[in-house]
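In case you want the letters, here they are:
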Amino acid sequence: MSGIGHLAPGFAAKSVIAKVPLLVLLLAGVTNDLLYFVFTTVRIEKPAITTMDFHQGVRYLTQGSIPYSHGFFMSVVWSLTAAGIAFLVWRDRRVGFLIGMVVFSHWALDFLMHSNLPLLFDGSPLVGLGLENSGAGFLFITVFDLVILATGMILYFRARSERGRSSKAGRNADGIKGEL
């Protein structure tokens with residue numbers, strides 16, 4: 001994905017879990033990429049060298065190694081870790097579950113775009129639909145990114161607007177919260 005689509009699940013999740021700051025949910029959606037930057041910086045993982053255009057899509061000039069940040073198994077580990085931390089912070093299973101799902105959504109969205117996501121570690125089978133590997137697929141996934149981001153933001157702003165209306169409805173003319 002181009003990256004912006006990974007923000008969509010955070011916006012969508014904010015529409016159902018108001019008590020978690022939006023920034024936390026947006027960071028949850030890009031957790032794998034944040035880990036990728038850390039792991040490639042300290043050379044635990046090796047970045048791929050690519051070229052891309054809308055005619056041929058993404059072409060890999062050198063293959064990378066990303067099992068710790070983008071592998072299926074480790075994505076499950078990061079999701080469960082995030083869910084556990086969220087539960088400890090908010091003492092709410094639903095919040096933990098949703099944050100874990102937002103973290104895992106990164107791998108699910110990358111599965112659509114990439115064809116080189118390791119199931120386990122180096123040497124394990126690589127999976128993914130690889131829509132990035134053709135011009136039409138790359139264009140489709142770019143438009144898809146924008147559509148899911150817009151959808152997530154619409155859900156967020158609608159929920160925010162509804163919460164604002166309901167909190168105003170609970171106040172009387174003096175601004176004092178009354179019974180509904």
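See above for the structure.
Figured I'd write up the structure that's included with this text.

Conventions we followed
- Residues numbered from 1 in each chain as written.
- Predicted model: local features only at pLDDT ≥ 70, side-chain atom pairs only at ≥ 80, totals over all residues.
- Heavy atoms only, no water.
- Salt bridge = Lys/Arg side-chain N within 4 Å of Asp/Glu carboxyl O.
- Helix = DSSP H or I, 4+ residues; strand = E, 2+ residues; numbered from the N terminus.
- Expected span 1.5 Å × (residues − 1).
- Buried < 20%, exposed > 50% of the residue type's maximum accessible area, 1.4 Å probe, protein only.
- Core = buried A, V, L, I, M, F, W, Y, C linked by side-chain atoms within 4.5 Å.
- Contact = heavy atoms within 4.5 Å.
- Pairing = 2+ DSSP bridges.
- Axes fitted to C-alpha atoms, helices over the stretch in contact; angles between N-to-C directions.
- Parallel < 35°, antiparallel > 145°, perpendicular 65-115°, else oblique.
- Left-handed = near helix turned anticlockwise from the far one by under 90°.
- Nonpolar A, V, L, I, M, F, W, Y, C, P; charged D, E, K, R; others polar.

## Remarks on the pattern of salt bridges
Considering all chains together, one arrives at one salt bridge under this definition. Here Lys19 makes a salt bridge to Asp92, at a shortest N to O gap of 2.8 Å. Highlighted residues: Lys19 in the loop between helix H1 (8-14) and helix H2 (22-29) and Asp92 in the loop between helix H5 (72-90) and helix H6 (93-113), separated in sequence by 73 residues.

## Let's talk about H5
Its 19 residues place the ends of H5 27 Å apart at the C-alpha level, agreeing with the 27 Å of an ideal helix rising 1.5 Å per residue. When H5 is considered as a whole, its buried residues turn out to be Met74, Ser75, Ser79, Ala82, Ala83 and Ala86. Where H5 ends, the next residue or the one after it, Arg91, has phi of about 50°, a positive value.

## A look at the nonpolar core
Within soluble globular proteins, side chains that are nonpolar tend to cluster in buried spots. Core analysis: the biggest nonpolar cluster contains 12 residues, these being Ala13, Ile17, Val20, Leu25, Ala28, Ala82, Ala86, Val95, Leu98, Ile99, Val102 and Val103. Residue contributions to this core peak at five residues, all from H6. With residues up to four places along the chain from it excluded, the contact list for Val103 reads Ala28, Thr31, Asn32, Trp78, Ser79 and Ala82. Counting five residues, the second-largest nonpolar core is a separate cluster that includes Phe11, Leu26, Leu149 and Tyr156.

## Description of the pairing of strand S2 (residues 57-62)
Two faces, one strand: in a regular strand the side chains alternate between the faces of the sheet. Pairing analysis gives five bridges linking strand S1 (residues 49-53) to S2, with the strands arranged antiparallel. Paired with Thr51 across the bridge in S2 is Arg59. Taken together, S1 and the strand that follows it, S2, pair antiparallel across an intervening segment of three residues.

## Points about the packing of H5 against H6
For any two helices packed against each other, the geometry is given by the interaxial angle and the distance between the axes. At a closest axis distance of 7 Å, the pairing of H5 and H6 adopts a crossing angle of 155°. Taken together, H5 and H6 sit at an angle that is classed as roughly antiparallel. Between H5 and H6 the crossing geometry is right-handed. For the pair formed by H5 and H6, the contact residues are Phe72, Ser75, Val76, Trp78, Ser79, Ala82, Ala83, Ala86, Phe87 and Trp90 on the first element and Arg93, Val95, Gly96, Ile99, Gly100, Val103, Phe104 and Trp107 on the second. Among the residues making up the contact of H5 with H6, the classes are represented as 13 nonpolar, four polar and one charged.

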